[in-house]
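An overview of the molecular structure
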Amino acid sequence: MPSCQAMLTYTQAVVIGALQGITELFPISSLGHSVLVPAWLGGSWSELVTQGDSDSGTPYLAFVVGLHVATAIALLVFYWRDWVDIVTGLLTTLRTRRIETSTQRLAWLVVLATVPVGILGLLLEHPLRTLFAKPLAAGLFLTLNGVVLITGEVLRRRSQPTLADYGRRFAEAEARAKAIEEGYFVATAEEEPVGLGDLSIKDALIIGVSQAGALFAGISRSGMTMVGGLLRGLDHEDAAKFAFLLATPVILAAGVLKLPTLAGPQGDGILGQVLVGSIVAGGAAYLAVRFLERYFKSNSLLPFAVYSLAFGIASVAHFL
């Protein structure tokens, strides 16, 4: 077998780095694309994927670990103000033993939502990667990812107010206005959208567990987390932000734990490629989260669902 240095070129490092940075945050699965794209390109690219059969780890996996750390750093940089507030709020609650602000509550929600996927990741990441990080399996799970995204949007829309609901609310508003005009005091209970600070502990745990789907190559971490947030009442903008905040400690911790592998035989001859790929991945991730923050202010998951279905089905047909 050729050495990893011969297999992993700087061109491949740049391409896969950009791919990782974008697909980690777009709800279309970075792990799935890191398996499928090289397999589709074939030749020396596909050899990167076939090396993934080793139970003891591979140079390509060590390279991808470096890219994950760079992606997490990009998220930390983008949301640095939020993280300063979250860490400060968390430390304050530990000192006072009280949760008094929405930021302090959000800090604990992030902690609680991170625990389930952290435990599942430690227990299941290696066996699931060994069994399912293959092109055909990745294609199947990417197709499933598209189905989940569409299902999340459909279920969310069913829970939205209908025309009849708006008509009822309009009539109630008119009745309140008339009563107030006639001198009566009317208590109102307007229905406000759920925000990040309104999530319950149960909501945080459910959303946290949903991240575990990303242990399968082809299932998107951000996509599963966003669907979980949407089904708990968040809008797309808040669901996306919560997904990116939750992804940061999970990706960073998983990457840092495996980073020492680059100091061993798996990192021989590829440290330069890891550095270049990581710089590209970090830059791509920063631009991706900046774009998605604006995109989800007024758009949905449906385009990503259609893409996942199309690429997933094509991959299943190609590698079957």
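Everything quoted here is computed from the prediction, not taken from an experiment.

For the rest of this paragraph, the subject is the pattern of salt bridges. Evaluation of the coordinates by the stated rule reveals five salt bridges. When the shortest N-O distance is used, the salt bridge between Arg221 and Glu24 registers 3.7 Å. Taken together, the residues span a long stretch of sequence, with Arg221 in helix α11 (residues 221-231) and Glu24 in the loop between α2 (10-23) and α3 (30-41) at a distance of 197 residues. The buried category is assigned to Glu24, whose relative accessible area is 6%. One salt bridge connects Arg98 with Glu100, and the closest N-O pair in it is separated by 2.9 Å.

Here we take up the packing of α2 against helix α5 (residues 59-78). At their nearest, the axes of α2 and α5 sit 10 Å apart, and the two run at 50° to each other. The orientation of α2 with respect to α5, classified from their angle, is oblique. Relative to α5, the crossing made by α2 is right-handed. From α2, Ala13, Ile16, Gly17, Gln20 and Gly21 reach across to α5, where they touch Tyr60, Phe63, Leu67, His68 and Thr71.

A complete count under the given rule lists 13 aromatic pairs for this structure. Each ring, one from Phe78 and one from Tyr286, has its centre 5.4 Å from the other, and the planes form 70°; the classification is edge-to-face. You can see Phe78 sitting in helix α5 and its partner Tyr286 sitting in helix α13 (residues 271-295), a full 208 residues away along the chain. Taken together through their ring pairs, the aromatic side chains of Phe26, Phe291, Tyr295, Phe296 and Phe304 make up a single cluster.

Note that Ser278 resides in helix α13. Taking the relative accessible area as the measure of exposure, Ser278 reaches 15% and is therefore buried. One polar contact links the side chain of Ser278 to the main-chain carbonyl oxygen of Gly66, over a distance of 3.3 Å.

What follows covers helix α12 (residues 236-258). With 23 residues, α12 should reach 33 Å at 1.5 Å per residue; the first-to-last C-alpha distance of 32 Å fits that figure. For α12, the principal kink sits at Ala247 and spans about 25°; a proline, Pro249, occurs within the next four residues. Where α12 begins, one side-chain oxygen reaches toward the backbone nitrogen of Glu237, 3.3 Å away; that side chain belongs to Asp235.

Now for the nonpolar core. Soluble, globular proteins show a tendency: their nonpolar side chains are buried together. In this structure, Leu25, Tyr79, Phe242, Phe244, Phe296 and Phe304 are the most contacted members of the largest nonpolar core, which totals 42 residues. Looking at this core, the element that brings in the most residues is α12, giving nine residues. When residues no more than four places from it in sequence are discounted, the contact partners of Phe244 are Leu25, Leu75, Tyr79, Ser222, Val289 and Leu292. Grouped together as the second largest cluster of nonpolar side chains are 15 residues, Ala13, Leu48, Tyr60 and Ala62 included.

Criteria and thresholds
- Residues numbered from 1 in each chain as written.
- Predicted model: local features only at pLDDT ≥ 70, side-chain atom pairs only at ≥ 80, totals over all residues.
- Heavy atoms only, no water.
- Salt bridge = Lys/Arg side-chain N within 4 Å of Asp/Glu carboxyl O.
- Helix = DSSP H or I, 4+ residues; strand = E, 2+ residues; numbered from the N terminus.
- Buried < 20%, exposed > 50% of the residue type's maximum accessible area, 1.4 Å probe, protein only.
- Axes fitted to C-alpha atoms, helices over the stretch in contact; angles between N-to-C directions.
- Parallel < 35°, antiparallel > 145°, perpendicular 65-115°, else oblique.
- Left-handed = near helix turned anticlockwise from the far one by under 90°.
- Contact = heavy atoms within 4.5 Å.
- Phe/Tyr/Trp six-rings, centres within 6.5 Å; stacked < 30°, edge-to-face > 60°.
- Polar contact = N/O pair within 3.5 Å; in protein donor to acceptor, adjacent residues only side chain to side chain.
- Expected span 1.5 Å × (residues − 1).
- Bend = angle between axes of the 7 residues up to and from the residue.
- Core = buried A, V, L, I, M, F, W, Y, C linked by side-chain atoms within 4.5 Å.

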